[in-house]
Amino acid sequence: MPASEEMPSTIRRSNKKAQRTWAKAHDSAVETYGEGERSHRTAFSALKHTHEKVGDHWEPKEKAGPSDRQAEGGASSRRGPTKGGVDANASKDHLLKVARKLDIRGRSSMKKNELVDAIQKANNRDSRKARSKS
């Protein structure tokens, strides 16, 4: 099945570059691994190198690269959950800007890891809300 038919709603609400990145990586992964979860994970991994999740969509990162410790080590070193598209490797300043955009309360007193968790929670909430409107 072509990526355009399987594209998650958060990516459909994102810019064309995010959609192309996900679709190209997904189609390539399907050729390698076949249809299924592995192809989706591979496509999201590629997207997370150039984009970060902000609310219910994906936005280009200031600087391309792995989004969290899981992504830094490659597929063979993955042992736990990722940060769900939050660019955990970004500066605290950048995370504060994202938190401000998402209207996260108490952000100015949060530590970096708390900001990442709060952004991830806000992103999940916004995505659920957007899906329920569809």
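1. Some words on the confidence of the model for the protein
No. 1: Here the protein averages 89 in pLDDT, while 89% of its residues score no lower than 70.
No. 2: Within the protein, no element has a lower average pLDDT than helix 5 (residues 69–73), which sits at 67, and none a higher one than helix 6 (residues 92–101), at 97.

2. Section: helix 3 (residues 16–33)
No. 1: The terminal C-alpha atoms of helix 3, which comprises 18 residues, lie 25 Å apart, in line with the 26 Å expected from a rise of 1.5 Å per residue.
No. 2: Structurally, the start of helix 3 carries an N-cap: the backbone nitrogen of Lys-17 is 3.2 Å from a side-chain oxygen of Asn-15.
No. 3: Downstream of helix 3 by one or two residues, Gly-34 has phi in the positive range, about 90 degrees.

3. Re the pattern of salt bridges
No. 1: Summed over all chains, the structure comprises six salt bridges.
No. 2: Here Arg-13 makes a salt bridge to Asp-56, at a shortest N to O gap of 3.3 Å. With a gap of 43 residues between them, Arg-13 in the loop between helix 2 (9–12) and helix 3 and Asp-56 in the loop between strand 1 (51–54) and strand 2 (57–60) connect regions that are remote in the sequence.
No. 3: Its relative accessible area of 29% is what places Arg-13 among the partly exposed residues.

4. Section: the packing of aromatic side chains
No. 1: Summed over all chains, the structure comprises two aromatic pairs.
No. 2: An angle of 40 degrees between the planes, with centres 6.0 Å apart, marks the rings of Phe-44 and Trp-58 as tilted. Of the two residues, Phe-44 sits in helix 4 (residues 37–50) while Trp-58 sits in strand 2, which places them 14 residues apart along the sequence.
No. 3: Look at Phe-44 and you get partly exposed, because its relative accessible area is 22%.

5. A look at the environment of Asn-15
No. 1: Counting through the fold element by element, Asn-15 comes out in the loop between helix 2 and helix 3.
No. 2: Distance from Asn-15 to Trp-58, taken between C-alpha atoms, is 7.5 Å for residues 43 residues apart in sequence.
No. 3: Discounting chain neighbours no more than four positions away, the residues touching Asn-15 are His-51, Trp-58 and Pro-60.
No. 4: Within the local environment of Asn-15, its side chain forms a polar contact with the backbone nitrogen of Ala-18, the two atoms lying 2.8 Å apart.

The rules behind each value
- Residues numbered from 1 in each chain as written.
- Predicted model: local features only at pLDDT ≥ 70, side-chain atom pairs only at ≥ 80, totals over all residues.
- Heavy atoms only, no water.
- pLDDT = per-residue confidence, 0-100.
- Helix = DSSP H or I, 4+ residues; strand = E, 2+ residues; numbered from the N terminus.
- Expected span 1.5 Å × (residues − 1).
- Polar contact = N/O pair within 3.5 Å; in protein donor to acceptor, adjacent residues only side chain to side chain.
- Salt bridge = Lys/Arg side-chain N within 4 Å of Asp/Glu carboxyl O.
- Buried < 20%, exposed > 50% of the residue type's maximum accessible area, 1.4 Å probe, protein only.
- Phe/Tyr/Trp six-rings, centres within 6.5 Å; stacked < 30°, edge-to-face > 60°.
- Contact = heavy atoms within 4.5 Å.

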